[in-house]
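Examination of the molecular architecture
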Amino acid sequence: MKKINFLNLGKHPITNNFLPNAKPKNEFFYNLKLSYHTETKLISLNNFVPPKKMFNNRYAHRASASMTMRQAYADLAKKIKKKFNPRSILEIGSNDGVFIKHFSDVQNIGVEPCKNLADLTTKMKIKTYDKFWTFQLSKKINKKHGKFDVIYSANTISHIHKLNETFKAIENSLNVEGVFILEDPSLLKSLQKLSYDQFYDEHAYVFSITALKNITKKSGLEIFNIEALNTHGGSNRVYFKKIINKKFKISNNVKRHLLTEKKYGIHKFKTYQIFAKKVNKSKESLIKIFQSIKKKKKKIIGYGATYKSSTVLNFCKISKNYINYFVDTTPTKTGKFTPGSHIPIKEYKGIADDVDYAFLGAWNFKDEIFKKEKKFIKRGGKFITHVPFPKII
Ligand code: TYD
């Protein structure tokens, strides 16, 4: 298999490394380049960042930080109970327990390598393994708790570098009639929305259904259903079953998704060359927007210090030259500085009266934010977004 490079986004920091001061010593940077795999059509980062640099005791992201996501996980838990009625459930990447806590009436186990998060769910009386998901861990968990009716993993499998081992371990921990549900950002949506910010250190991969099918061929698992979601700017919820399990029929929507991707050209290298060109143009026009606002001496802040925005800020070299500060609701981010771009992050207390523009770092929560910021919009405040192309809204 050959990996071909198609986009160089420059030097980037660890997105999760929110800094205690604006002049950090020895900040770690790596080259963020994207690759196309000729055989599997998988899209990945060219160089992976060592996992312990990203997933550690200081992990900042809280899955329950937004109302949209809290509601989405509560709804999904209800749906899974109704559909599969599991007696046991394992979550890979259980974060702060926003999903797994809904299964306290059955055996619910979390796997979470970030100890600060694992400690949170342990306190909630959810048995949590503060370890990376590996085949060895799967064997250990099986021995202790048996196999599982449902294994769920949202925004985590795309973070794990060794995909073959990951899927083999999942197959190993699943009951014969069990279901593995994976939820990750959709490559098709990222290409369509030109959201190149889906690529950062943690997102070693952005999956297409085509690539998922190819890479799981030898795992003993197969896709039997897919749901397209709005979360994280467009995700896929992909249901896997064991190939030997004939209980679940393969839904027609699997074929449909594959066909839509084929029509878009997800399997062709040319598609990514075109994407790369558009991304470079997007950078130019975003910078122009910032420059023209600054010329008018208007004040810009950032709204939502997301991991995604780290890619935009560092790729476009947007720092305090344009953005005075970010506001964010996550306590582990506030009082700190954005990685690489070193912009202060303030605790969200509404948008201050002297702010003219807010750069939508959390563009994936645009609807929730617009509802909340009616006052700002009413007094003439504007948002800046780069998705699907740079504009003022
Ligand atoms: P998230 O969606 O997890 O994106 P990423 O994975 O790229 O980091 O992050 C959303 C961030 O936006 C999170 O730090 C919380 C913040 N946020 C606000 O500050 N206010 C809001 O109203 C919403 C919806 C999010």
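Above: the structure in question.
In this report, the structure presented in the accompanying data block is examined. Not measured: the values here are computed from a predicted model.

Looking only at helices and strands, one finds twelve helices and 17 strands in the chain. Taking 393 residues into account, the globule formula puts the C-alpha radius of gyration at 21 Å, and the chain, at 21 Å, falls close to it. Each principal axis of the C-alpha distribution contributes one length, and for the chain these read about 65 × 50 × 40 Å. Counting all 393 residues of the chain, 57% fall into the buried class. Excluding contacts between residues fewer than 6 apart, the proportion of contacts in the chain whose partners are at least 24 apart in sequence is 69%. Where the 75 positive side-chain charges of the chain centre and where its 30 negative ones centre are 5 Å apart.

The tally for this structure, following the rule as stated, stands at ten salt bridges. Linking Lys79 and Glu227 is a salt bridge whose minimum nitrogen-to-oxygen distance equals 2.9 Å. Placement of the pair is Lys79 in helix H2 (residues 67-84) and Glu227 in strand S10 (residues 221-229), with a sequence separation of 148 residues. By relative accessible area, Glu227 is classed as buried at 14%. In this structure, Arg237 engages Glu183 in a salt bridge whose closest nitrogen and oxygen atoms are separated by 2.8 Å. On the criterion of sequence distance, the pair formed by Arg237 in strand S11 (residues 235-242) and Glu183 in strand S8 (residues 174-185) is long-range, its members being 54 residues apart. In terms of burial, Arg237 and Glu183 fall into one category: buried. Bridged by salt links that share partners, the residues Lys79, Glu183, Glu227 and Arg237 form one connected network.

To continue, consider the packing of aromatic side chains. Enumeration according to the criterion identifies 27 aromatic pairs in this entry. Ring centres 5.2 Å apart and planes at 55 degrees place the aromatic pair Phe99 and Phe103 in the tilted group. For the pair formed by Phe99 and Phe103, the shared burial category is buried. On the basis of an interplanar angle of 10 degrees and a centroid distance of 5.9 Å, the ring pair of Tyr205 and Phe207 is categorised as stacked. Judged by relative accessible area, Phe207 falls into the buried class, the value being 3%. It is Lys3 that lies over the ring of Phe48; its NZ or CZ is 5.7 Å from the centre. The ring of Phe103 has Lys81 sitting right over it, with the charged end atom 5.1 Å from the ring centre.

Moving on, we get to the site of the ligand. For the ligand, the set of nearby residues contains 18 residues, the closest of which are His61, Tyr307, Asp328, Lys333 and Lys372. Within the side chain of Asn364, a nitrogen or oxygen atom sits 2.9 Å from an oxygen atom of the ligand. Burial of the ligand by the protein amounts to 96% of the accessible area it has alone, namely 560 Å². Mapped onto the shell around the ligand, the elements with two or more residues apiece are helix H10 (307-316) and helix H11 (366-372). If you tally residues by element for the shell around the ligand, the top one is H11, at three residues. Partitioned by chemical class, the residues of the shell around the ligand number six nonpolar, seven polar and five charged.

It is worth spelling out the nonpolar core at this point. General note: in soluble globular proteins, nonpolar side chains tend to be found buried as a group. In terms of nonpolar packing, the biggest core is built from 52 residues, with Leu9, Phe290, Ile323 and Ile384 touching the most fellow members. Going through the elements one at a time, strand S1 (3-13), strand S2 (29-37), strand S3 (43-45), helix H6 (187-192), helix H9 (269-295), H10 and strand S15 (357-360) are the ones with two or more residues in this core. Among the elements that make up this core, the one with the highest residue count is H9 (nine residues). When near neighbours in sequence (up to four residues on either side) are disregarded, Ile384 contacts Leu286, Ile289, Phe290, Ile293, Ile300, Tyr357, Ala358, Phe359, Leu360 and Lys391. Counting residues in each nonpolar core, the second largest holds 36 residues, with Ile100, Ile181, Val355 and Phe383 among its members.

Next up on the list: the packing of H9 against H10. Put simply, H9 and H10 touch, their axes get as near as 10 Å, and they point 80 degrees apart. Taken together, the axes of H9 and H10 are roughly perpendicular relative to one another. Two secondary-structure elements touch here, H9 through Val279, Asn280, Lys283, Leu286 and Ile287 and H10 through Val312, Phe315 and Cys316. Here the residues of the contact of H9 with H10 are counted per class, giving six nonpolar, one polar and one charged.

The mixed open sheet is built from six strands, whose spatial order is S14-S13-S12-S15-S16-S17. Edge positions in the sheet fall to strand S14 (345-347) and strand S17 (391-392), since each of these pairs with one other strand and no more. Bridge analysis of strand S12 (residues 300-303) against S15 gives four bridges, and the strand direction is parallel. What sits directly across from Ile300, in S15, is Tyr357.

The subject of this paragraph is the packing of helix H4 (residues 135-145) against helix H5 (residues 163-173). The geometry of H4 relative to H5 is characterised by a closest axis approach of 8 Å and an angle of 10 degrees between their N-to-C directions. Between H4 and H5, the interaxial angle falls into the category roughly parallel. Contacts between H4 and H5 involve Phe135, Ser138, Lys139 and Asn142 on the former and, on the latter, Glu165, Lys168, Ala169, Asn172 and Ser173. Grouping the amino acids of the contact of H4 with H5 by side-chain chemistry returns two nonpolar, four polar and three charged.

This brings us to unusual backbone geometry. Following Val387, the chain continues into Pro388 via a peptide bond in cis, with omega recorded as 0 degrees. Along the chain, Pro388 falls in the loop between strand S16 (382-385) and S17. Unusually for a residue other than glycine, His342 sits at a positive phi of about 55 degrees. Position of His342 among the secondary structure elements: in the loop between strand S13 (326-328) and S14.

Procedures and definitions
Residue positions within a chain follow its written sequence, with the count starting from 1. It should be noted that, the model being predicted, local features are given only for residues of pLDDT at least 70 and side-chain atom pairs only at 80 or more, the latter also being counted only at that level, while totals for whole chains, interfaces and linings use all residues. Side-chain figures throughout are based on the complete set of non-hydrogen atoms in the structure, without hydrogens or water. Put simply, DSSP marks the helices as runs of H or I at least four residues long and the strands as runs of E at least two long, and each gets a number from the N terminus on. Our radius of gyration looks at C-alpha atoms and nothing else; its globule reference is 2.2 Å times the residue count to the power 0.38. Accessible area is worked out with a 1.4 Å probe on protein chains only. A residue is then buried under 20% of its type maximum, exposed over 50%, and partly exposed in between. Contact criterion: two residues are considered in contact whenever any of their non-hydrogen atoms come within 4.5 Å of each other. Positive charges come from Lys and Arg, negative ones from Asp and Glu, while His and the chain ends are left out of the count. To locate a charge, the coordinates of NZ of Lys, CZ of Arg, CG of Asp or CD of Glu are taken. Each salt bridge in this description consists of a side-chain nitrogen of Lys or Arg and a carboxyl oxygen of Asp or Glu lying within 4 Å of one another. Working definition: a ring pair exists when centres of Phe, Tyr or Trp rings (six-membered ring for Trp) sit within 6.5 Å. Plane angles under 30 degrees give stacked, over 60 give edge-to-face, the rest tilted. Placement of a positive charge over a ring is assigned whenever Lys NZ or Arg CZ falls within 6 Å of the ring centre and within 35 degrees of the normal to the ring plane. In these notes, residues near a molecule or strand are those with any non-hydrogen atom within 4 Å of it. Pairs of N or O atoms within 3.5 Å make up the polar contacts considered here, provided that, within protein, one atom can donate a hydrogen while the other can accept it, and that residues adjacent in sequence are counted only when both atoms are side-chain atoms. Computed by Shrake-Rupley with a 1.4 Å probe, the accessible areas treat only the displayed protein chains as cover when residues are assessed. In this count, Pro and Cys sit with the nonpolar residues alongside Ala, Val, Leu, Ile, Met, Phe, Trp and Tyr, while Asp, Glu, Lys and Arg are called charged and the others, Gly among them, polar. By nonpolar core is meant a set of buried Ala, Val, Leu, Ile, Met, Phe, Trp, Tyr and Cys residues that side-chain atoms within 4.5 Å join together. Axis lines are fitted to C-alpha atoms, over the contacting stretch for helices. Their N-to-C directions set the angle, which ranges from 0 to 180 degrees. The cut-offs work like this: below 35 degrees is roughly parallel, past 145 is roughly antiparallel, 65 to 115 is roughly perpendicular, and the gaps in between are oblique. In this description, strands pair whenever DSSP reports at least two bridges between them.

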